[in-house]
Amino acid sequence: MNFIAMDFETANYQKHSACSLALVMVRDSKIVGEYYTLIQPETDFFWKNIQIHGIHPEDVQDAPKFPEVWQKIQQYYHLNSLVVAHNAGFDNGVLAGCLDYYGLTQPNFMSLCTVRTSRKLYPEFTNHKLNTVCEQLQIPLLNHHDALEDSRACAQILLRQEHDFGIEPLKKLVLVK
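All values reported here derive from a predicted model rather than from experimental measurement.

Enquirer: What exactly am I supposed to notice about the sheet that holds strand β2 (residues 18-27) here?
Expert: Within a sheet, each strand pairs with its neighbour through backbone hydrogen bonds, oriented either parallel or antiparallel. The mixed open sheet is built from six strands, whose spatial order is β3-β2-β1-β4-β5-β6. Across the chains shown, the open sheet's two edge strands, defined by having one partner strand only, are β3 (30-38) and β6 (175-176). Relative to strand β5 (residues 110-113), strand β4 (residues 82-85) is paired through four bridges, and the arrangement is parallel. Directly across from V84, in β5, lies its bridge partner L112. Along the sheet, helix α5 (residues 114-121) contacts β4, β5 and β6; its crossing angle with β5, the most-contacted strand, is approximately 50°.

Rendered as C-alpha cells:
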C-alpha cells in the first residue's frame, strides 16, 4: 500500500490557521519518510488551541508561511495520490482553507479517513478517537496532538488495518477530492 498520512494543527478555528503540518510517507506498506514543519498562520492563536497542541505564537514567528510549505509538499497531492488522515474532513478542510486563503489551486487526490475505516472495521471500540484506536491496537502515541506523532499513528493504524483485513474493505472507503 502506498499513501501519505497527513495531520495539521491549527492556531484557531479558522480553516486557514494551520500552525503545524506533518506528513508520513508510506511505500509498499512501509514508512519510508517523514516531513514536519511549523507554519506561521498569519492569524491570532486561540488559547484553547494552544492548550491542545502546545504551539504558541512565538514558536512560529520565524516559521514559513503556508505558500512556502506548499512548494515543498504539493508533489504529494495529485490524482493518483492517496492521502490519509484521522478525521480527514478536518485535515482536508485545513488544506483547502489554506489553499483558498492564499489563492492557490486546489489539487485532486484520493482521501481516506482512518476514523471511518476504524468505525467500519472495529465497531466494538468505545469510540474512534485517535488515542482510543491507538490504545486498542497497541500503537504508540506518545504525544497526542503533535502533528508528527499523530501522522505516524494514523499511518500505523491504516497499515494494521491492511494487515488484518486486506485492501478490499479499505478501497470501498476511499473518496476523490
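Enquirer: Could you clarify how one ought to interpret helix α4 (residues 88-101) in this entry?
Expert: Owing to its 3.6 residues per turn, the α-helix aligns residues three or four sequence positions apart on the same side. Here α4 spans 19 Å end to end across 14 residues, near enough to the 20 Å set by a 1.5 Å rise per residue. Within the sequence span of α4, burial applies to A88, D91, N92, G93, V94, L95, G97, C98 and L99. Check the buried side of α4 and you find it contacts β1 (3-10), β2, α3 (66-73), β4 and β5. Taken from the residues just after α4, G103 is the one with a positive phi, measuring 70°.

Enquirer: Before we go on, may I ask you to explain the packing of aromatic side chains in this structure?
Expert: In this description, an aromatic ring pair is defined by two values, namely the gap between the centres and the angle between the planes. Taken as a whole and assessed by the stated rule, the structure comprises nine aromatic pairs. Centre to centre, the rings of F46 and W47 are 5.6 Å apart; their planes meet at 50°, and the pair counts as tilted. On the accessibility criterion, W47 (55% relative accessible area) is exposed. Ring centres of Y77 and F109 lie 5.4 Å apart, and the angle between their planes is 80°; this geometry places the pair in the edge-to-face category. Of the two residues, Y77 is situated in the loop between α3 and β4 and F109 in the loop between α4 and β5; the sequence distance between them amounts to 32 residues. Given the relative accessible area of 5%, Y77 is considered buried. Members of the aromatic cluster, joined through ring pairs, are F66, W70, Y77, Y101, Y102 and F109.

Enquirer: Would you mind showing me how to read α5 here?
Expert: Of the positions making up α5, those classed as buried are T114, V115, T117, S118 and L121. Across the axial projection of α5, the buried residues extend over an arc of 165°, all falling on one side. Turned more than 90 degrees away from the buried face of α5 sit R119 and K120, all of them exposed. For α5, the secondary structure elements touched by its buried residues are β4, β5, α6 (130-137), α7 (147-165) and α8 (168-171).

Enquirer: How should I be thinking about the packing of α6 against α7 in this particular structure?
Expert: In helix packing, the relevant descriptors are the interaxial angle and the interaxial distance, both defined with respect to the helix axes. Running from N to C, α6 and α7 point in directions that differ by 50°, and their axes come no closer than 11 Å. One finds that α6 runs oblique with respect to α7. For the pair α6 and α7, the sense of crossing is left-handed. Side by side, α6 and α7 meet where L130, V133, C134 and L137 of the first sit next to D150, A153, C154, I157 and R160 of the second. Residue classes in the contact of α6 with α7 are distributed as seven nonpolar, no polar and two charged.

Enquirer: Even after reading the chapter, I still don't get unusual backbone geometry, so can you show me in this structure?
Expert: Glycine aside, a negative phi is what most residues show, and trans is what most peptide bonds show. Here Q138, not a glycine, exhibits a phi torsion of approximately 55°, which is positive. Looking at the element boundaries, Q138 is found in the loop between α6 and α7.

Enquirer: Before we go on, may I ask you to explain the UniProt feature "domain: Exonuclease" (unreviewed entry) in the protein in this structure?
Expert: With numbering matched to this structure, UniProt assigns "domain: Exonuclease" (unreviewed entry) to residues 2-167. This span, residues 2-167, is 41% helix and 21% strand, and a straight line between its end C-alpha atoms measures 11 Å.

Enquirer: Even after reading the chapter, I still don't get the pairing of β4, so can you show me in this structure?
Expert: Side-chain positions along a regular strand alternate between the two faces of the sheet. Across the two faces of β4 the burial is the same, with L82 and V84 and V83 and A85 all buried. Looking at chain direction, β1 and β4 are connected through two bridges and run parallel. The partner of A5 across the bridge, within β4, is V84. Traced from β4 through α4 to β5, the parallel crossover comes out right-handed.

Rules and cut-offs
Residues numbered from 1 in each chain as written. Predicted model: local features only at pLDDT ≥ 70, side-chain atom pairs only at ≥ 80, totals over all residues. Heavy atoms only, no water. Pairing = 2+ DSSP bridges. Helix = DSSP H or I, 4+ residues; strand = E, 2+ residues; numbered from the N terminus. Contact = heavy atoms within 4.5 Å. Axes fitted to C-alpha atoms, helices over the stretch in contact; angles between N-to-C directions. Expected span 1.5 Å × (residues − 1). Buried < 20%, exposed > 50% of the residue type's maximum accessible area, 1.4 Å probe, protein only. Phe/Tyr/Trp six-rings, centres within 6.5 Å; stacked < 30°, edge-to-face > 60°. Arc of directions from axis to C-beta. Parallel < 35°, antiparallel > 145°, perpendicular 65-115°, else oblique. Left-handed = near helix turned anticlockwise from the far one by under 90°. Nonpolar A, V, L, I, M, F, W, Y, C, P; charged D, E, K, R; others polar. UniProt positions renumbered as here; feature names shortened; annotations may be inferred. Right-handed = clockwise from strand over helix to strand, strands pointing away.

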